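What the coordinates show
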Amino acid sequence: MTASISLRGVGRTFGATRALADVDLDLEPGVIGLLGPNGAGKTTLLRLLATALPPSQGQVRVLGRDPEAPAERTDIRRRLGYLPQEVGFPRGFTAFAFVDYIALLKEWTQPAARHAEVRRVLDQVGLSNLVTKRIRAMSGGQRRRVALAQALLGSPPVLILDEPTSGVDPEQRVTLRTVLAEIARTSIVVLSTHQTDDVAALCERVIVLDQGRVRYDGQVTELVRQAAGRVWLADQPDPAATVSWRTGTGRYRNVAAHARDGVEHVEPSLEDAYLLLRRGSPENDPAKEVAS
Amino acid sequence: MTGWHLDDGTLRRYVGRTDSLAEGTSVEQHLLSCEQCRARVNPAVDVIDLAAVWARTRDAVEVPRPSVFERLLRVAGLPAHEARLVAVASAFRGVWLVGVAAVLAFAALAAAVGHARGLWFFLAVAPLAPCLVVAFSYDRRMDPALEPEMVTPYPALRLILLRTIAVLALALPAVLLLGLVVPGDAPFAWLLPAIGFVAVVLAASTWVSPLNAAMAVSAAWLTTVWLVATRSASPAAVLQARIQVAFLVLAAASFGIFLARRRHLRQLRPWR
Amino acid sequence: MDSRPGDETLLLAVAGRDMGAFRTLYERHAGWLAIRLARRCNDRDLVADAVQDTFIAVWQRPQGFRGDGDVAAWLWGIAIRRLVSRMRTHGSVAAVFEKGGAAPAAEDQVLLSVEYGDIGQALARLSPEMRAVIQAVVLDGLTAREAAQLLHVPVSSVKTRLYRAKARLRAVLAEGSS
């Protein structure tokens, strides 16, 4: 059994809409960040990886197994944790009860072992004191952490997380990053997020999706390097910049597609590089057209 | 915090129970208001296993209690973890069951009272009750945790079938009892239609949501009953062997479709 | 030490479903409660069950504590009643702990009178049955009925013994002061 995930020529269509096209990926243990605007196909890709959806074209292999074959699909699901973008919680459930329920579905039949595992994952996400609180009475960030906890059951070798830190406050995000970094030593963690600083802190590798296609797939550091010499500070927003915004120091950060001379350059961040990639993409890219 | 605390000798005698009543009482009174001395007493405790008692207490407080239905399922022979899985479905939360039971009871009463239309009303409503409760038990709106559930290894088919059987085990005897109250030759005329509708809802749930399917089936059946009722005076029309066999065939065919399409059971409806 | 939350704060947290606070409460109090209970009942399993029942009751109704007095005293009130309840349903006679009826040694007697004054000596001179009743009703604050359940005697016996014990105590004290 390989420890990786591979996609070949994967596409997914919903009626007339093409959500994913021509996706070729090989994923190894570590944290892989998935960036992209809304509608880029991140959630679809994650659902595909989580065996929640079959592809319309192409081949998927998770841990060497084919999700199209029912027996292999069950095998994959035994080794997979999935955090969807939105999780609904049944009424009246406490955090413990909910994670316990998912643990039952994950074949934890022995109550003592199951309860210990439930406590372990709730502790991992920092909720060990709120185990008996009703989920409906929790804050958004706490609910997100409950949902993350169920994905962590069994320390799966494949962890698919759709916006795991959405609604989570900055302090807790740091805790979660530590947890995910620890898991990623032996597991494949694919997480999608809007927060570039999560990606920067956690991921060595980043995949940028746009309109269902892979726009960038490589090292975070390499992507950041692409913005070198293209980011500078000024007292006013620079009209020649592609994008500029006010920073906390009161000065303006400017990012442009072409390197500029004679300005106060600063170290580019992942956010700068990502914005450059997004804004810099040509309007009429033939690759974006829907294949007939 | 007062300055005076128990000395080691006194404490030892207290814990070892070699002191007198008066001394012990004095120690006990002191302990009620001195957390420092309490902290010194606690490590010496060997009369019970504090860690074991904690584990039991924690379980009593954290682990969700099995519902009545869950305990019934265990008695019926289902292993504990499956009983829990089946019983957790929203349909068994009491509220829905009570609602459906109320409607049925009302229908039975109407029939029993001898009102001419009462019997029609009962025949209209009784076959729908089981399929409605089945639909409640695994519709996505009722069961909001659907997405993470979808990718767990537990076989979807088994879960749905178990829940359906559990529901029927509840619903059918209940309607049976109510049917005895209803006057007429064959209070069980509704039985095959009921099973037929459950099978149709199961099959349809591989295309649309179970609740929508149950609503559609209900609408169709109620319309049919109304049409037949306005044309003939006697509910005996439903009792004809032909009709009953037709329902049997419907049930078998629907169930066959359900099994054939079980792959679609847990897949998301494509959006947009 | 100052940053440690007080018991009342912990109870508030328990009302908010904080497991950590609940555990701390347990660690602070389960021990001494168990010992004190074990001095009224020899059956260790019953004592363990009573401790468990006590904390479950605390979890279910932390607001039962009215803020008057120590949390520890409130906990003891729950614990002793849970023990009585367990002993009642358990049925079999669980011997109430009574330190051996032997008279205290000479130096202990001196100690007793120095530390506890005349009361200590007076109590020591009561019969074990009377001492048990005094402990249950006067010291532990049980009602006559609860004491009867604890000691496995009829309620009328409790009342009689209490009456006699008080009479004897008064007599001994009067004797001692003269």
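1. Brief notes about the overall build of chain C
When its secondary structure is counted, chain C shows eight helices and zero strands. For chain C, the N- to C-terminal ordering of α and β elements is α-α-α-α-α-α-α-α. Every one of the 178 residues in chain C was classed for burial, and the buried ones make up 39%. Pairs at least 24 residues apart make up 64% of the contacts formed inside chain C by residues separated by at least 6 positions.

2. What about the overall build of chain B?
Broken down by element type, chain B carries 15 helices and zero strands. Burial statistics for chain B: of 272 residues in total, 39% are counted as buried.

3. Side note on unusual backbone geometry
Residues and elements named next belong to chain A. Even without being glycine, Ser155 reaches a positive phi, approximately 45°. With respect to the helices, strands and loops of the structure, Ser155 is situated in the loop between helix H5 (140-152) and strand S6 (158-162). For Gln211, which is not glycine, the phi dihedral falls at a positive 50°. Structurally, Gln211 is set in the loop between strand S8 (205-210) and strand S9 (213-219). Residue classification places Gln211 among the buried positions, given that 20 C-beta atoms sit within 10 Å.

4. Points about the sheet that holds strand S3 (residues 30-35) of chain A
All names here are of chain A. Spatially, six strands are ordered S5-S6-S7-S3-S8-S9 in an open sheet, and the strand pairing comes out mixed. Among the strands making up the open sheet, the edge pair consists of strand S5 (80-83) and S9. Strand-to-strand twist across the sheet, computed as the mean angle between neighbouring axes with direction ignored, equals 15°. In the sheet, S3 pairs with strand S7 (residues 188-192) via five bridges, with the strands oriented parallel. Among the inter-strand pairings, Gly33 is bridged to a residue of S7, identified as Leu191.

5. Thoughts on the domain arrangement of chain C
Residues and elements named next belong to chain C. Looking at the assigned domains, one finds that chain C contains domain 1 (7-90) and domain 2 (106-177). In this complex, domain 1 contributes seven residues to the contact, which on the side of domain 2 involves six residues. Of the residues in the side of domain 1 that touches domain 2, the class split is three nonpolar, one polar and three charged.

6. Things to note about the packing of helix H12 (residues 191-204) of chain B against helix H13 (residues 210-231) of chain B
Residues and elements named next belong to chain B. The contact between H12 and H13 brings their axes to 8 Å, and the two run at 140°. It follows from the interaxial angle that H12 and H13 lie oblique. Viewed along their axes, H12 and H13 form a crossing whose handedness is right-handed. Residues Phe197, Val200, Val201 and Ala204 of H12 form the contact with H13, whose participating residues are Pro210, Ala213, Ala214, Val217 and Trp221. Taken together, the residues of the contact of H12 with H13 break down into nine nonpolar, no polar and no charged.

7. Remarks on the nonpolar core
Grouped burial of nonpolar side chains is what soluble globular proteins tend to show. If you look at the biggest cluster of nonpolar residues, it comprises 200 residues, and the most contacted ones within it are Val99 of chain A, Val201 of chain B together with Val47 and Val51 of chain C. Here this core takes twelve residues from helix H2 (residues 19-38) of chain C, the largest share from any one element. In this view, Val47 of chain C contacts Val47 and Ile48 of chain B together with Ala34, Leu37, Ala38 and Cys41 of chain C; residues no more than four positions away in its chain are not counted.

8. Re helix H3 (residues 44-60) of chain C
Helix length check: H3 of chain C, at 17 residues, gives a terminal C-alpha distance of 24 Å against a target of 24 Å (1.5 Å per residue), a fit within 8%. All of the buried residues along H3 of chain C are Leu46, Val47, Ala48, Asp49, Ala50, Val51, Gln52, Thr54, Phe55, Val58 and Trp59 of chain C. The secondary structure elements touched by the buried residues of H3 of chain C are helix H4 (50-62) of chain B together with helix H1 (7-15), H2 and helix H4 (71-90) of chain C.

9. Quick word on the interface of chain B and chain C
In this complex, chain B contributes 26 residues to the contact, which on the side of chain C involves 34 residues. Here the side of chain B that touches chain C takes nine residues from helix H2 (residues 21-33) of chain B, the largest share from any one element.

10. Regarding the pairing of strand S2 (residues 17-27) of chain A
By the bridge criterion, seven bridges tie strand S1 (residues 5-14) of chain A to S2 of chain A in an arrangement that is antiparallel. Within S2 of chain A, the position partnered with Ser6 of chain A by the bridge is Asp26 of chain A.

11. Overview of the interface of chain A and chain C
Counting residues at the interface gives six residues for chain A, matched by four residues for chain C. Residue composition of the side of chain A that touches chain C, grouped by class: two nonpolar, three polar and one charged.

12. Some details on the pairing of strand S11 (residues 243-246) of chain A
Residues and elements named next belong to chain A. When S11 meets strand S12 (residues 252-255), the two strands line up antiparallel, connected through four bridges. Bridging from a neighbouring strand, Val243 pairs with Val255 of S12. Here S11 folds back onto S12 in antiparallel fashion, the turn holding five residues, of which Gly250 has a positive phi close to 95°.

13. Comments concerning the confidence of the model for chain B
Summing up the model confidence of chain B, the mean pLDDT is 79 and the portion of residues at 70 or higher is 81%. Below a pLDDT of 50 lies the segment residues 268-272 of chain B, which in the model reaches eight contacts outside its immediate sequence neighbourhood of four places, other chains included.

14. Examining the sheet that holds strand S13 (residues 264-265) of chain A
Residues and elements named next belong to chain A. Taken in spatial order, the four strands line up as S11-S12-S10-S13 in an open sheet, and their pairing is antiparallel. Across the chains shown, the open sheet's two edge strands, defined by having one partner strand only, are S11 and S13. For strand S10 (residues 231-234) and S13, the ladder comprises two bridges, and the chain directions are antiparallel. Among the inter-strand pairings, Trp232 is bridged to a residue of S13, identified as His265. Relative to S12, helix H9 (residues 270-280) is tilted by about 45°, and along the sheet it contacts S10, S11 and S12.

15. What about the environment of Val217 of chain B?
All names here are of chain B. As for its position among the elements, Val217 is in helix H13. Along the chain, Val217 and Arg263 lie 46 residues apart, while their C-alpha atoms are 23 Å from each other. Those residues within four positions of Val217 in sequence are excluded, and the remaining contacts are Cys131, Phe197, Val200 and Val201.

Basis of the calculations
Here the residue index of a chain counts from 1 through its sequence in written order. As they are written, the chains are lettered A onward and the ligands numbered 1 onward, keeping that order. In keeping with the model being predicted, local features are shown solely for residues with a pLDDT of at least 70 and side-chain atom pairs are shown and tallied solely at 80 or more, while totals for entire chains, interfaces and linings include all residues. A run of DSSP states H or I qualifies as a helix once it reaches four residues; a run of E qualifies as a strand once it reaches two. Both are numbered from the N-terminal end. Neighbour counting defines burial: a residue surrounded by 20 or more other C-beta atoms within 10 Å of its own C-beta is buried, one with 12 or fewer is exposed, and intermediate counts give partly exposed, using backbone-placed C-beta atoms. It is the C-beta atoms, placed from the backbone, that decide contacts: two residues are in contact if theirs lie within 7 Å. In this analysis, strands are considered paired if DSSP registers two or more bridges between them. Here an angle of 0 to 180 degrees is reported between the N-to-C directions of two axes, which are lines fitted to C-alpha atoms, with helices fitted over the stretch in contact. The domain limits used here are those given by an automatic or database domain assignment. As a working rule, the residues Ala, Val, Leu, Ile, Met, Phe, Trp, Tyr, Cys and Pro are called nonpolar, Asp, Glu, Lys and Arg charged, and the rest polar, with Gly in that last group. By definition in this entry, angles of less than 35 degrees are roughly parallel, angles greater than 145 are roughly antiparallel, angles of 65 to 115 are roughly perpendicular, and the rest are oblique. Handedness of a crossing follows from how the near helix is turned relative to the far one, being left-handed for an anticlockwise turn of less than a right angle and right-handed for a clockwise one. What we call a nonpolar core is a set of buried Ala, Val, Leu, Ile, Met, Phe, Trp, Tyr and Cys residues whose membership is set by joining through C-beta atoms within 7 Å. How far a helix is expected to stretch is found by multiplying one less than its residue total by 1.5 Å. Within a predicted model, pLDDT stands for the predictor's per-residue confidence, ranging from 0 to 100.

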